[in-house]
Each structure stands twice: as C-alpha cells, then as structure tokens.
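Each chain is listed here by its residues.
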Amino acid sequence: MMSEKISTKSLAALGLGAALLLTGCAPADGTTQEPTAQNSHHEQHASRQADALTVTDPWAKAAEKGMSAAFGTLRNDSDQPVELEAVVDQEHGNTLQIHEMAGQGTDAVMQQIEGALQIPAGQSVELAPGGNHIMFMDLKQPLVPAEVATLRLEFADGSSKDVQFPIRNYDGANESYHSQHSQDTEGTHEEHGGGH
C-alpha cells in the first residue's frame, strides 16, 4: 500500500516537472513559434537562384592563348533578383572574370564588375561582344572550335549551375585579347574595349 502511494506521488511529480519544463520552453505570450510566410519565402528564394536562371545561346570565342570571352543571355524567371558572383572553369582551371563596358564611345573600356552581376526579377541580361561578358583572363589550354567549355556559374546564395558554352570562331570587330601578364609590347586588356 505504501509503495503504491509513493509510486503515485512520484508519477504526479514527474508529470508536473515535465509540464513546467515544456512551459519554460514556450514563448512568454503563450504562442507557438512557426515559420512566417516571409521567412519561408526567403528560404525558398535563397536556395534557388541557380534554378531561377536560364542561359540561352551560350557560346565562347575560340582562342589559342591569352584572353577570350564567353557570351549568352541570362534570364531570371523568378520574382526576386539573381546575383551572379563568379564563374569558374573547373575543367581547365582558367581564371574567369565578369566584365562590363564602362564609358562611352571611343573612351569605352572593359572592366571587371565590382560585386555581383545583377539580373533583375523577370528580366534578362545579355552577355555580348562589346558589352557585358565572361572573360577568360589567361588561357591554360586553347579554346578549340566545335568543342565545349563547361563553366560553373556561382550565385550570391551559394547555389551554382554548370553551363556548356560551345566554342566557335568569331572575328567580330577584329578585337584583340591580351593578358595583363603579357609584355607591354603585346598590349593590355583595355585594347579590346571597342568590342570582342
């Protein structure tokens, strides 16, 4: 009889302790903490910048050495901006930069974009000769016509996407690509400011 009373009292005490413990973990106002629609939307957006972006008509300019460039149209199909932070050539280890046109007319030069390339919600950004482009800074291997350069696009949210850029010959505006590591007599990167 005595052991039954102790067991009943012990169970009651354990139940009360558990209830107090759970109450201590609950918010002071008694509400439960559930993810808000805003937080949920942000988390979804943060995990899919790479999925929101489509690349159409990608291609890269054939070159044996020095500099070259890759082009295409970047389309953001989401309702949030997409930020392209970097492009990586994992296959050949080429150094790549995202470049833009700065200045007007004959004073226009190409320069590396500071920060990320912004692709606004529901819009496209064209990578084209004479405009924004992905720059191969110093080729470690030739870009051979009819082959493909696979480049990884890396976004501000940490997501990434591999895109194949078919390589083709392009004379354009008789542009000249020169590495900044090259001799001064060969020219500098700014010489291709008139177009690719």
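To keep things clear, this report deals only with the structure shown in the data block. No experiment lies behind these values; they were computed from the predicted model shown. (Residues numbered from 1 in each chain as written. Predicted model: local features only at pLDDT ≥ 70, side-chain atom pairs only at ≥ 80, totals over all residues. Heavy atoms only, no water.)

Describing the packing of aromatic side chains
Where we set the bar: Whether two aromatic rings pair depends on their centres lying within 6.5 Å, for rings of Phe, Tyr and Trp, where Trp uses its six-membered ring; planes under 30 degrees apart make the pair stacked, over 60 edge-to-face, and the rest tilted. Every helix listed is a DSSP run of H or I at least four residues long, and every strand listed is a run of E at least two residues long, numbered separately from the N terminus. To sort residues, take the accessible area from a 1.4 Å probe on protein chains only and compare it with the maximum for the residue type: under 20% means buried, over 50% means exposed, and anything in between is partly exposed.
This structure, assessed with the given rule, holds two aromatic pairs. Summarising the aromatic geometry, the rings of Trp59 and Phe71 are spaced 4.6 Å apart at their centres and angled 45 degrees between planes, so their arrangement reads as tilted. Taken as a pair, Trp59 in strand S1 (residues 53-61) and Phe71 in strand S2 (residues 68-76) lie far apart in primary sequence, twelve residues in all. Accessibility classification places Trp59 together with Phe71 in one group, the buried group. With a centroid separation of 5.2 Å and an interplanar angle of 65 degrees, the aromatic rings of Trp59 and Tyr170 are classed as edge-to-face. Separated by 111 residues along the polypeptide, Trp59 in strand S1 and Tyr170 in the segment after strand S10 (160-168) bring together distant segments of the chain. Judged by its relative accessible area of 28%, Tyr170 falls in the partly exposed class.

Thoughts on the nonpolar core
Here is the rule: What makes a nonpolar core is a set of buried Ala, Val, Leu, Ile, Met, Phe, Trp, Tyr and Cys residues whose side-chain atoms join them at distances within 4.5 Å. By the convention used here, residues are in contact when the closest approach between their heavy atoms is within 4.5 Å.
Core analysis: the biggest nonpolar cluster contains 30 residues, and Leu84, Ile134 and Leu153 have the highest contact counts within it. No other element matches strand S9 (residues 148-155), which puts four residues into this core. When sequence neighbours within four positions are dropped, the list of residues in contact with Ile134 reads Ser68, Ala69, Ala70, Val87, Leu96, Gln97, Leu127, Leu151, Leu153 and Phe165. Residues Trp59, Ala69, Phe71 and Met135 belong to the second largest nonpolar core, which totals six residues.

Here we look at the environment of Met101
Mapped onto the fold, Met101 is located in strand S4 (residues 96-102). What makes Met101 partly exposed here is its relative accessible area of 29%.

Read these as geometric descriptors, not functional statements.
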